[in-house]
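Structure at a glance
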Amino acid sequence: MVPEILPPWLRAYADRVSSLGVFGGRRANHVLVNEYCPGEGILPHEDGPLYFPTVTTISLGSHTLLDFYHPVSKEQPPEGQEGKVIPGGARPPCSPPPSSPPPTPRWPRPEAPSCEPALQTEEQRHFLSLLLKPRSLLVLQEDMYSRYLHGIRLVSEDMITEKVANASMCGCALGATLDRRTRVSLTLRHVPKVLKTSIILGRKK
Ligand SMILES: O=C(O)CCC(=O)C(=O)O
Ligand SMILES: [Fe+2]
């Protein structure tokens, strides 16, 4: 990644968010600006190792629902359990871990435990949503960053269901419908590995 100077208005946001300590004392040095008109979104994806372990997002203009998904399992579901969802995310008991488990790799994220049944359709894999209100800051870390996928549905209104984990904190009743307006998101991240421009341009220091 080739560094450029952030414009002063973005630097102010980057510094403010970094001062919360969410990047472990480092400063955000990467900002992605996305605009979503009603009906637009982003397909379920993972952000990958480049920005690991923290992504932060400021929402402006409109709310949105950020949906979280279990990754697609590479395993076949057990006989008769195709597409079965375990209520409340409960899992059948796993066999006990080996006495000295191998060290957990930083990236790629570890596979889901093999005792988890395969959830294959997108609706089955969608287990949680967060209502992102205008002027809110989302800090995404740990499993929510590295294990699960996230996305924004391509719809122009959002229904508040029991999957919206922060609905009551946001004062939203179950069953409410929120119309989307144009939303601009500022996704601020810290990228540890940036190139030195002088190297790119072949200049000697
Ligand atoms: O706009 C957002 O809130 C999410 C954007 C996102 O997930 C991404 O750019 O990777
Ligand atoms: Fe993302």
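This section reports on the structure supplied with the text. Values in this document were obtained by computation on a predicted structure and should not be read as measured data.

Comments concerning the packing of aromatic side chains
A complete count under the given rule lists three aromatic pairs for this structure. Ring centres of F52 and Y145 lie 5.7 Å apart, and the angle between their planes is 75°; on these two criteria the pair is classed as edge-to-face. With F52 in the loop between β2 (42-45) and β3 (54-60) and Y145 in helix α3 (residues 142-146), this pair connects stretches of sequence that are 93 residues apart. Assessed through its relative accessible area of 15%, F52 is described here as buried. In this structure, R189 is placed above the aromatic ring of Y51, and the distance from its NZ or CZ to the ring centre is 3.9 Å.

Details of the site of ligand 1
Residues in close proximity to ligand 1 include L32, N34, Y36, I42, H45, D47, T57, H150, I152, R183, S185 and R189, which together make up its full environment. Within the side chain of D47, a nitrogen or oxygen atom sits 3.2 Å from an oxygen atom of ligand 1. At 2.8 Å from an oxygen atom of ligand 1 is found a side-chain nitrogen or oxygen belonging to R183. Relative to its unbound accessible area of 290 Å², ligand 1 is 92% covered by the protein chains.

Quick word on the sheet that holds strand β7 (residues 149-152)
Here four strands make up an open sheet; going across it, the order is β2-β7-β4-β5 and the pairing antiparallel. Only two strands of the sheet have a single neighbouring strand rather than two, namely β2 and β5 (126-132). Strand after strand, the sheet turns through a mean of 20° between neighbouring axes, direction not considered. With six bridges connecting them, strand β4 (residues 64-69) and β5 associate as antiparallel partners. Counted as the bridge partner of L66 is L130 from β5.

Rules used throughout
Residues numbered from 1 in each chain as written. Chains lettered and ligands numbered in written order. Predicted model: local features only at pLDDT ≥ 70, side-chain atom pairs only at ≥ 80, totals over all residues. Heavy atoms only, no water. Phe/Tyr/Trp six-rings, centres within 6.5 Å; stacked < 30°, edge-to-face > 60°. Helix = DSSP H or I, 4+ residues; strand = E, 2+ residues; numbered from the N terminus. Buried < 20%, exposed > 50% of the residue type's maximum accessible area, 1.4 Å probe, protein only. Lys NZ or Arg CZ within 6 Å of the ring centre and 35° of its normal. Near = heavy atom within 4 Å. Polar contact = N/O pair within 3.5 Å; in protein donor to acceptor, adjacent residues only side chain to side chain. Areas by Shrake-Rupley, 256 points an atom, 1.4 Å probe, with all protein chains shown as cover. Pairing = 2+ DSSP bridges. Axes fitted to C-alpha atoms, helices over the stretch in contact; angles between N-to-C directions.

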